[in-house]
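Spelled out, the chains give:
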Amino acid sequence: MSGQGAEGVPLLENALKGTSGQDRAWVLLELGNWIWQAGQPEGLEMVVEAAALFEEFDCDHGVARARYEQARMLCDRGTFGQAQILLDQALPVHRARGDRRSEGMCLGQSAIIAKRTARLADARDLYERALAIHLELGDRRLAAGVLGNLANVDMEQGEFEVAEERLNRSLRMHREIGQHGTVGLRLGNLGNLHQLRGDLDQARAFHRQALVIHRELGRRRLEALTLGNLAHVEARIEPTPVSQARKSVLVAAFEEAGRLHDLVGAPSGRSIVMANLGGFLLRIGERDEARRVLDDALSIAIGSKAAILTAIFGGIRALLDDDLATALERLDQGEATLRGACARYELALLLARRARVLQSHGDPERAAAAKAHARGIAGDVPWGERSELAELLTGGAM
(Lines give C-alpha, C1' and ligand atoms only; values in the text may rest on other atoms or scores of the structure.)
Protein backbone atom coordinates (compact mmCIF):
# COMPACT_ATOMS: atom_id res chain seq x y z
CA MET A 1 0.00 0.00 0.00
CA SER A 2 1.04 3.59 -0.47
CA GLY A 3 -0.23 7.11 -0.07
CA GLN A 4 -3.26 7.97 2.01
CA GLY A 5 -4.53 4.41 1.97
CA ALA A 6 -1.48 3.12 3.84
CA GLU A 7 -1.26 5.70 6.59
CA GLY A 8 -4.28 4.55 8.56
CA VAL A 9 -3.20 0.92 8.90
CA PRO A 10 -0.23 1.23 11.32
CA LEU A 11 -2.20 3.72 13.42
CA LEU A 12 -5.09 1.27 13.71
CA GLU A 13 -2.76 -1.66 14.35
CA ASN A 14 -1.16 0.26 17.23
CA ALA A 15 -4.57 1.23 18.58
CA LEU A 16 -5.64 -2.42 18.48
CA LYS A 17 -2.82 -3.45 20.82
CA GLY A 18 -4.11 -1.27 23.62
CA THR A 19 -7.84 -1.88 23.40
CA SER A 20 -10.33 -4.45 24.64
CA GLY A 21 -14.07 -5.08 24.66
CA GLN A 22 -16.25 -2.91 22.45
CA ASP A 23 -13.39 -0.49 21.76
CA ARG A 24 -11.40 -3.38 20.30
CA ALA A 25 -14.39 -4.35 18.15
CA TRP A 26 -14.66 -0.86 16.66
CA VAL A 27 -10.94 -0.74 15.89
CA LEU A 28 -11.11 -4.22 14.31
CA LEU A 29 -14.00 -3.06 12.16
CA GLU A 30 -12.09 -0.02 10.90
CA LEU A 31 -8.84 -1.93 10.41
CA GLY A 32 -10.66 -4.69 8.53
CA ASN A 33 -12.05 -2.09 6.13
CA TRP A 34 -8.64 -0.59 5.44
CA ILE A 35 -7.08 -3.99 4.83
CA TRP A 36 -9.94 -5.13 2.59
CA GLN A 37 -9.61 -1.98 0.45
CA ALA A 38 -5.93 -2.81 0.07
CA GLY A 39 -6.89 -6.18 -1.41
CA GLN A 40 -6.17 -8.40 1.59
CA PRO A 41 -8.91 -10.98 2.29
CA GLU A 42 -8.02 -11.00 6.00
CA GLY A 43 -10.07 -7.83 6.27
CA LEU A 44 -13.26 -9.91 6.18
CA GLU A 45 -12.00 -12.11 9.02
CA MET A 46 -11.41 -9.01 11.16
CA VAL A 47 -14.93 -7.74 10.52
CA VAL A 48 -16.37 -11.15 11.46
CA GLU A 49 -14.31 -11.07 14.67
CA ALA A 50 -15.62 -7.58 15.40
CA ALA A 51 -19.22 -8.78 14.94
CA ALA A 52 -18.62 -11.60 17.44
CA LEU A 53 -17.22 -9.14 19.99
CA PHE A 54 -20.18 -6.80 19.55
CA GLU A 55 -22.54 -9.73 20.11
CA GLU A 56 -20.64 -10.72 23.26
CA PHE A 57 -21.21 -7.24 24.70
CA ASP A 58 -24.85 -6.99 23.47
CA CYS A 59 -24.00 -4.01 21.27
CA ASP A 60 -26.82 -4.25 18.72
CA HIS A 61 -25.79 -1.25 16.62
CA GLY A 62 -22.22 -2.55 16.48
CA VAL A 63 -23.44 -5.94 15.27
CA ALA A 64 -25.60 -4.24 12.64
CA ARG A 65 -22.69 -2.11 11.43
CA ALA A 66 -20.42 -5.16 11.23
CA ARG A 67 -23.06 -7.07 9.26
CA TYR A 68 -23.29 -4.20 6.80
CA GLU A 69 -19.52 -4.26 6.32
CA GLN A 70 -19.53 -8.05 5.92
CA ALA A 71 -22.26 -7.72 3.30
CA ARG A 72 -20.24 -5.14 1.39
CA MET A 73 -17.22 -7.44 1.31
CA LEU A 74 -19.27 -10.48 0.31
CA CYS A 75 -20.68 -8.43 -2.58
CA ASP A 76 -17.11 -7.81 -3.72
CA ARG A 77 -16.71 -11.59 -3.79
CA GLY A 78 -19.97 -12.12 -5.65
CA THR A 79 -21.69 -13.88 -2.71
CA PHE A 80 -24.91 -11.91 -3.07
CA GLY A 81 -27.42 -14.18 -1.31
CA GLN A 82 -25.46 -14.28 1.94
CA ALA A 83 -24.78 -10.55 1.69
CA GLN A 84 -28.50 -9.75 1.40
CA ILE A 85 -29.30 -11.90 4.45
CA LEU A 86 -26.84 -9.83 6.51
CA LEU A 87 -28.33 -6.56 5.23
CA ASP A 88 -31.85 -7.76 6.06
CA GLN A 89 -30.64 -8.39 9.62
CA ALA A 90 -28.92 -5.01 9.94
CA LEU A 91 -31.62 -2.75 8.45
CA PRO A 92 -34.31 -3.22 11.16
CA VAL A 93 -31.77 -2.45 13.88
CA HIS A 94 -30.81 0.85 12.26
CA ARG A 95 -34.45 1.77 11.73
CA ALA A 96 -35.34 0.96 15.35
CA ARG A 97 -32.52 3.23 16.52
CA GLY A 98 -33.57 6.00 14.12
CA ASP A 99 -30.16 5.78 12.43
CA ARG A 100 -31.18 7.16 9.05
CA ARG A 101 -27.63 7.36 7.75
CA SER A 102 -27.01 3.65 8.28
CA GLU A 103 -30.47 2.86 6.90
CA GLY A 104 -29.54 4.68 3.70
CA MET A 105 -26.23 2.80 3.51
CA CYS A 106 -28.01 -0.55 3.82
CA LEU A 107 -30.50 0.42 1.11
CA GLY A 108 -27.64 1.46 -1.15
CA GLN A 109 -25.83 -1.84 -0.64
CA SER A 110 -29.05 -3.77 -1.34
CA ALA A 111 -29.30 -1.73 -4.56
CA ILE A 112 -25.84 -2.94 -5.56
CA ILE A 113 -26.99 -6.54 -5.06
CA ALA A 114 -30.16 -5.90 -7.08
CA LYS A 115 -28.12 -4.46 -9.94
CA ARG A 116 -25.64 -7.34 -9.91
CA THR A 117 -28.47 -9.90 -9.91
CA ALA A 118 -30.32 -8.46 -12.92
CA ARG A 119 -33.01 -6.51 -11.03
CA LEU A 120 -32.36 -3.04 -12.40
CA ALA A 121 -35.80 -1.63 -11.55
CA ASP A 122 -35.34 -2.70 -7.92
CA ALA A 123 -31.82 -1.27 -7.94
CA ARG A 124 -33.06 2.11 -9.18
CA ASP A 125 -35.80 2.21 -6.53
CA LEU A 126 -33.39 1.32 -3.71
CA TYR A 127 -30.80 3.85 -4.88
CA GLU A 128 -33.40 6.61 -5.10
CA ARG A 129 -34.62 5.84 -1.57
CA ALA A 130 -31.05 5.89 -0.30
CA LEU A 131 -30.32 9.14 -2.13
CA ALA A 132 -33.39 10.81 -0.61
CA ILE A 133 -32.20 9.89 2.89
CA HIS A 134 -28.65 11.16 2.36
CA LEU A 135 -29.86 14.43 0.81
CA GLU A 136 -32.33 14.88 3.69
CA LEU A 137 -29.44 14.47 6.15
CA GLY A 138 -27.16 16.76 4.15
CA ASP A 139 -24.60 13.97 3.77
CA ARG A 140 -22.91 15.00 0.53
CA ARG A 141 -20.36 12.20 0.66
CA LEU A 142 -22.91 9.40 0.65
CA ALA A 143 -25.25 11.28 -1.70
CA ALA A 144 -22.41 11.66 -4.22
CA GLY A 145 -21.70 7.93 -4.00
CA VAL A 146 -25.31 6.98 -4.66
CA LEU A 147 -25.49 9.41 -7.61
CA GLY A 148 -22.54 7.60 -9.16
CA ASN A 149 -24.17 4.23 -8.62
CA LEU A 150 -27.45 5.45 -10.13
CA ALA A 151 -25.45 6.52 -13.17
CA ASN A 152 -24.25 2.93 -13.57
CA VAL A 153 -27.90 1.79 -13.73
CA ASP A 154 -28.56 4.52 -16.31
CA MET A 155 -25.69 3.17 -18.40
CA GLU A 156 -27.03 -0.39 -18.32
CA GLN A 157 -30.38 0.92 -19.52
CA GLY A 158 -28.80 2.95 -22.33
CA GLU A 159 -29.53 6.34 -20.74
CA PHE A 160 -26.05 7.68 -21.50
CA GLU A 161 -26.80 11.40 -21.31
CA VAL A 162 -28.50 11.04 -17.91
CA ALA A 163 -25.61 8.87 -16.74
CA GLU A 164 -23.04 11.46 -17.80
CA GLU A 165 -24.88 14.25 -15.99
CA ARG A 166 -25.07 12.21 -12.78
CA LEU A 167 -21.42 11.15 -12.99
CA ASN A 168 -20.19 14.70 -13.50
CA ARG A 169 -22.34 15.92 -10.62
CA SER A 170 -21.04 13.11 -8.41
CA LEU A 171 -17.45 13.83 -9.45
CA ARG A 172 -17.81 17.54 -8.58
CA MET A 173 -19.19 16.70 -5.15
CA HIS A 174 -16.41 14.22 -4.38
CA ARG A 175 -13.78 16.77 -5.42
CA GLU A 176 -15.38 19.54 -3.37
CA ILE A 177 -15.31 17.44 -0.19
CA GLY A 178 -11.82 16.08 -0.84
CA GLN A 179 -12.66 12.42 -1.51
CA HIS A 180 -9.65 11.65 -3.67
CA GLY A 181 -10.25 7.90 -3.73
CA THR A 182 -13.83 8.20 -4.91
CA VAL A 183 -12.76 10.72 -7.55
CA GLY A 184 -10.77 7.82 -9.01
CA LEU A 185 -13.85 5.62 -8.98
CA ARG A 186 -15.94 8.20 -10.82
CA LEU A 187 -13.21 8.78 -13.39
CA GLY A 188 -13.35 5.05 -14.06
CA ASN A 189 -17.13 5.22 -14.42
CA LEU A 190 -16.74 7.99 -16.98
CA GLY A 191 -14.21 5.80 -18.77
CA ASN A 192 -16.80 3.03 -18.93
CA LEU A 193 -19.41 5.44 -20.28
CA HIS A 194 -17.15 6.67 -23.06
CA GLN A 195 -16.18 3.08 -23.82
CA LEU A 196 -19.83 2.15 -24.36
CA ARG A 197 -20.27 5.15 -26.62
CA GLY A 198 -17.22 4.19 -28.65
CA ASP A 199 -15.17 7.23 -27.55
CA LEU A 200 -12.22 4.93 -26.98
CA ASP A 201 -9.43 7.52 -26.73
CA GLN A 202 -11.46 9.43 -24.16
CA ALA A 203 -12.21 6.20 -22.30
CA ARG A 204 -8.51 5.34 -22.16
CA ALA A 205 -7.68 8.80 -20.78
CA PHE A 206 -10.24 8.50 -17.97
CA HIS A 207 -9.11 4.99 -17.03
CA ARG A 208 -5.46 6.09 -16.92
CA GLN A 209 -6.34 8.95 -14.57
CA ALA A 210 -8.29 6.54 -12.36
CA LEU A 211 -5.42 4.05 -12.28
CA VAL A 212 -2.98 6.67 -10.99
CA ILE A 213 -5.29 7.44 -8.05
CA HIS A 214 -6.00 3.81 -7.16
CA ARG A 215 -2.30 2.96 -7.16
CA GLU A 216 -1.46 6.05 -5.15
CA LEU A 217 -3.97 5.02 -2.47
CA GLY A 218 -3.09 1.32 -2.55
CA ARG A 219 -6.63 0.32 -3.57
CA ARG A 220 -5.80 -2.93 -5.26
CA ARG A 221 -9.39 -4.02 -5.96
CA LEU A 222 -10.04 -0.86 -7.94
CA GLU A 223 -6.59 -1.10 -9.51
CA ALA A 224 -7.48 -4.59 -10.77
CA LEU A 225 -10.80 -3.36 -12.16
CA THR A 226 -9.18 -0.41 -13.91
CA LEU A 227 -6.35 -2.49 -15.37
CA GLY A 228 -8.97 -4.79 -16.89
CA ASN A 229 -10.89 -1.84 -18.34
CA LEU A 230 -7.71 -0.37 -19.79
CA ALA A 231 -6.74 -3.68 -21.38
CA HIS A 232 -10.20 -3.93 -22.95
CA VAL A 233 -10.03 -0.41 -24.37
CA GLU A 234 -6.49 -0.91 -25.70
CA ALA A 235 -7.61 -4.14 -27.39
CA ARG A 236 -10.60 -2.38 -28.95
CA ILE A 237 -8.41 0.44 -30.24
CA GLU A 238 -5.86 -1.96 -31.76
CA PRO A 239 -6.30 -2.25 -35.55
CA THR A 240 -6.40 -5.68 -37.15
CA PRO A 241 -4.52 -7.69 -38.19
CA VAL A 242 -2.53 -7.74 -34.93
CA SER A 243 1.13 -8.72 -34.92
CA GLN A 244 2.20 -11.59 -32.65
CA ALA A 245 4.28 -9.19 -30.56
CA ARG A 246 1.36 -6.81 -30.05
CA LYS A 247 -0.98 -9.69 -29.28
CA SER A 248 1.40 -10.87 -26.57
CA VAL A 249 1.46 -7.39 -25.00
CA LEU A 250 -2.35 -7.11 -24.95
CA VAL A 251 -2.90 -10.64 -23.62
CA ALA A 252 -0.33 -9.96 -20.89
CA ALA A 253 -2.28 -6.83 -19.88
CA PHE A 254 -5.49 -8.86 -19.51
CA GLU A 255 -3.66 -11.57 -17.58
CA GLU A 256 -2.11 -9.03 -15.20
CA ALA A 257 -5.58 -7.69 -14.39
CA GLY A 258 -6.89 -11.24 -13.92
CA ARG A 259 -4.06 -12.15 -11.54
CA LEU A 260 -4.72 -9.06 -9.46
CA HIS A 261 -8.42 -9.95 -9.24
CA ASP A 262 -7.37 -13.41 -8.03
CA LEU A 263 -5.05 -11.85 -5.46
CA VAL A 264 -7.81 -9.71 -3.96
CA GLY A 265 -10.44 -12.48 -4.12
CA ALA A 266 -12.71 -10.95 -6.78
CA PRO A 267 -13.93 -13.77 -9.05
CA SER A 268 -16.57 -11.65 -10.80
CA GLY A 269 -13.92 -9.11 -11.75
CA ARG A 270 -11.73 -11.89 -13.10
CA SER A 271 -14.63 -13.26 -15.15
CA ILE A 272 -15.16 -9.86 -16.82
CA VAL A 273 -11.46 -9.63 -17.68
CA MET A 274 -11.52 -13.15 -19.16
CA ALA A 275 -14.66 -12.46 -21.18
CA ASN A 276 -13.11 -9.31 -22.64
CA LEU A 277 -9.94 -11.26 -23.41
CA GLY A 278 -12.08 -13.89 -25.12
CA GLY A 279 -13.75 -11.19 -27.19
CA PHE A 280 -10.36 -9.86 -28.25
CA LEU A 281 -9.12 -13.34 -29.21
CA LEU A 282 -12.29 -13.89 -31.23
CA ARG A 283 -11.78 -10.56 -33.00
CA ILE A 284 -8.28 -11.52 -34.12
CA GLY A 285 -9.35 -15.01 -35.23
CA GLU A 286 -7.99 -17.11 -32.33
CA ARG A 287 -11.23 -19.08 -32.03
CA ASP A 288 -10.05 -22.12 -30.05
CA GLU A 289 -8.26 -19.97 -27.50
CA ALA A 290 -11.29 -17.67 -27.32
CA ARG A 291 -13.59 -20.64 -26.59
CA ARG A 292 -11.42 -21.80 -23.71
CA VAL A 293 -11.22 -18.35 -22.12
CA LEU A 294 -14.94 -17.60 -22.54
CA ASP A 295 -15.94 -21.00 -21.11
CA ASP A 296 -13.89 -20.20 -17.99
CA ALA A 297 -15.51 -16.77 -17.72
CA LEU A 298 -18.99 -18.29 -18.07
CA SER A 299 -18.22 -20.91 -15.43
CA ILE A 300 -17.29 -18.19 -12.91
CA ALA A 301 -20.35 -16.06 -13.72
CA ILE A 302 -22.73 -19.01 -13.42
CA GLY A 303 -21.10 -20.14 -10.18
CA SER A 304 -21.47 -16.70 -8.61
CA LYS A 305 -25.08 -16.38 -9.86
CA ALA A 306 -24.21 -13.19 -11.76
CA ALA A 307 -27.20 -13.28 -14.12
CA ILE A 308 -26.38 -10.27 -16.30
CA LEU A 309 -22.75 -11.31 -16.71
CA THR A 310 -23.88 -14.85 -17.60
CA ALA A 311 -26.22 -13.42 -20.25
CA ILE A 312 -23.53 -11.15 -21.73
CA PHE A 313 -20.80 -13.80 -21.75
CA GLY A 314 -23.21 -16.34 -23.23
CA GLY A 315 -23.99 -13.96 -26.06
CA ILE A 316 -20.30 -13.64 -26.91
CA ARG A 317 -19.75 -17.40 -26.58
CA ALA A 318 -22.61 -18.06 -29.02
CA LEU A 319 -20.50 -16.52 -31.77
CA LEU A 320 -18.16 -19.50 -31.41
CA ASP A 321 -20.72 -22.32 -31.37
CA ASP A 322 -20.53 -24.61 -34.40
CA ASP A 323 -24.05 -25.85 -33.71
CA LEU A 324 -26.74 -23.26 -34.45
CA ALA A 325 -29.25 -24.75 -31.98
CA THR A 326 -26.71 -24.46 -29.14
CA ALA A 327 -25.91 -20.87 -30.06
CA LEU A 328 -29.58 -19.88 -30.24
CA GLU A 329 -30.29 -21.53 -26.89
CA ARG A 330 -27.57 -19.40 -25.28
CA LEU A 331 -28.92 -16.29 -26.96
CA ASP A 332 -32.53 -17.03 -25.96
CA GLN A 333 -31.53 -17.47 -22.31
CA GLY A 334 -29.50 -14.28 -22.36
CA GLU A 335 -32.26 -12.32 -24.03
CA ALA A 336 -34.78 -13.38 -21.37
CA THR A 337 -32.44 -12.23 -18.60
CA LEU A 338 -31.59 -8.89 -20.19
CA ARG A 339 -35.23 -8.12 -21.04
CA GLY A 340 -36.23 -8.88 -17.47
CA ALA A 341 -33.48 -6.60 -16.18
CA CYS A 342 -34.34 -3.80 -18.67
CA ALA A 343 -30.65 -3.79 -19.66
CA ARG A 344 -31.36 -2.00 -22.92
CA TYR A 345 -27.88 -1.49 -24.33
CA GLU A 346 -26.67 -5.01 -23.51
CA LEU A 347 -29.90 -6.41 -25.00
CA ALA A 348 -29.21 -4.52 -28.23
CA LEU A 349 -25.67 -5.96 -28.25
CA LEU A 350 -26.99 -9.48 -27.74
CA LEU A 351 -29.49 -9.11 -30.59
CA ALA A 352 -26.71 -7.82 -32.84
CA ARG A 353 -24.70 -10.92 -31.93
CA ARG A 354 -27.75 -13.05 -32.77
CA ALA A 355 -27.72 -11.45 -36.23
CA ARG A 356 -24.06 -12.37 -36.61
CA VAL A 357 -24.70 -15.97 -35.57
CA LEU A 358 -27.61 -16.36 -37.99
CA GLN A 359 -25.63 -14.78 -40.82
CA SER A 360 -22.65 -17.07 -40.22
CA HIS A 361 -24.98 -20.10 -40.27
CA GLY A 362 -26.49 -19.13 -43.63
CA ASP A 363 -29.79 -17.59 -42.54
CA PRO A 364 -29.67 -14.02 -43.91
CA GLU A 365 -33.41 -13.35 -43.55
CA ARG A 366 -33.51 -14.04 -39.82
CA ALA A 367 -30.18 -12.25 -39.45
CA ALA A 368 -31.66 -9.11 -41.01
CA ALA A 369 -34.67 -9.32 -38.68
CA ALA A 370 -32.42 -9.66 -35.62
CA LYS A 371 -30.32 -6.70 -36.76
CA ALA A 372 -33.44 -4.56 -37.23
CA HIS A 373 -34.61 -5.62 -33.78
CA ALA A 374 -31.26 -4.59 -32.29
CA ARG A 375 -31.51 -1.18 -33.94
CA GLY A 376 -35.04 -0.79 -32.63
CA ILE A 377 -33.99 -1.62 -29.06
CA ALA A 378 -31.02 0.75 -29.23
CA GLY A 379 -33.34 3.46 -30.52
CA ASP A 380 -32.01 6.89 -29.58
CA VAL A 381 -29.06 5.59 -27.55
CA PRO A 382 -26.19 7.86 -28.69
CA TRP A 383 -23.74 5.11 -29.64
CA GLY A 384 -20.83 6.24 -31.79
CA GLU A 385 -19.35 4.61 -34.85
CA ARG A 386 -16.53 3.06 -32.79
CA SER A 387 -18.88 1.53 -30.22
CA GLU A 388 -19.13 -2.23 -30.06
CA LEU A 389 -22.79 -2.06 -31.05
CA ALA A 390 -22.03 -0.02 -34.17
CA GLU A 391 -19.26 -2.41 -35.18
CA LEU A 392 -21.53 -5.44 -34.76
CA LEU A 393 -24.31 -3.87 -36.80
CA THR A 394 -22.04 -2.68 -39.59
CA GLY A 395 -19.91 -5.79 -39.84
CA GLY A 396 -16.72 -4.55 -38.21
CA ALA A 397 -16.46 -6.66 -35.03
CA MET A 398 -17.42 -10.07 -33.75
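Definitions and limits used
- Residues numbered from 1 in each chain as written.
- Predicted model: local features only at pLDDT ≥ 70, side-chain atom pairs only at ≥ 80, totals over all residues.
- Heavy atoms only, no water.
- Salt bridge = Lys/Arg side-chain N within 4 Å of Asp/Glu carboxyl O.
- Helix = DSSP H or I, 4+ residues; strand = E, 2+ residues; numbered from the N terminus.
- Polar contact = N/O pair within 3.5 Å; in protein donor to acceptor, adjacent residues only side chain to side chain.
- Contact = heavy atoms within 4.5 Å.
- 1 Å grid on protein atoms, 1.4 Å probe; cavity = no way out; pocket = protein on both sides within 12 Å on 5 of 7 lines; lining within 4 Å.
- Points joined across faces, edges and corners; volume = space filled by probe spheres on them.
- Buried < 20%, exposed > 50% of the residue type's maximum accessible area, 1.4 Å probe, protein only.

Undergrad: Sorry if this is basic, but what is going on with the pattern of salt bridges here?
TA: For the structure on display, the rule yields 34 salt bridges. Here Glu-103 ties to Arg-100 by a salt bridge, and the two come within 3.4 Å at their closest N and O atoms. Linking Glu-103 with Arg-100, this pair stays in helix 6 (residues 100–116), spanning three residues, or about one helical turn. The shortest N-O distance in the salt bridge between Arg-197 and Glu-164 comes to 3.0 Å. Pair noted here: Arg-197 is in helix 10 (residues 180–197) and Glu-164 is in helix 9 (residues 160–176), with a separation of 33 residues, a long-range link. Here the salt bridges share partners, and the residues they tie into one network are Arg-95, Arg-100, Glu-103 and Glu-136.

Undergrad: What am I meant to see in the side chain of Arg-353 here?
TA: Relative to the helices and strands, Arg-353 resides in helix 18 (residues 344–360). At 2.8 Å, the side chain of Arg-353 and the side chain of Glu-388 are in polar contact. Here Arg-353 is in contact with Ile-312, Gly-315, Ile-316, Leu-319, Glu-388 and Leu-392, once residues within four sequence places are set aside.

Undergrad: Is there a simple way to explain empty space enclosed by the protein in this structure?
TA: Unfilled space is identified by rolling a water-sized probe across the atoms. Applying the stated criterion across every chain yields a total of one cavity of 30 Å³ or more. Taken as a whole, the largest cavity encloses approximately 40 Å³ of empty space. Considering the residues around the largest cavity, the lining is formed by Leu-225, Gly-228, Asn-229, His-261, Gly-269, Ile-272, Val-273 and Asn-276. Of all the secondary structure elements, the ones that give two or more residues to the lining of the largest cavity are helix 12 (220–237) and helix 14 (267–283).

Undergrad: Before we go on, may I ask you to explain the environment of Leu-351 in this structure?
TA: In this fold, Leu-351 is placed in helix 18. Residue classification places Leu-351 among the buried residues on the basis of a relative accessible area of 1%. With 22 residues separating them along the chain, Leu-351 and His-373 place their C-alpha atoms 7.0 Å apart. Not counting residues up to four positions away in its chain, the partners in contact with Leu-351 are Glu-335, Arg-339, Ala-370, His-373, Ala-374 and Ile-377.

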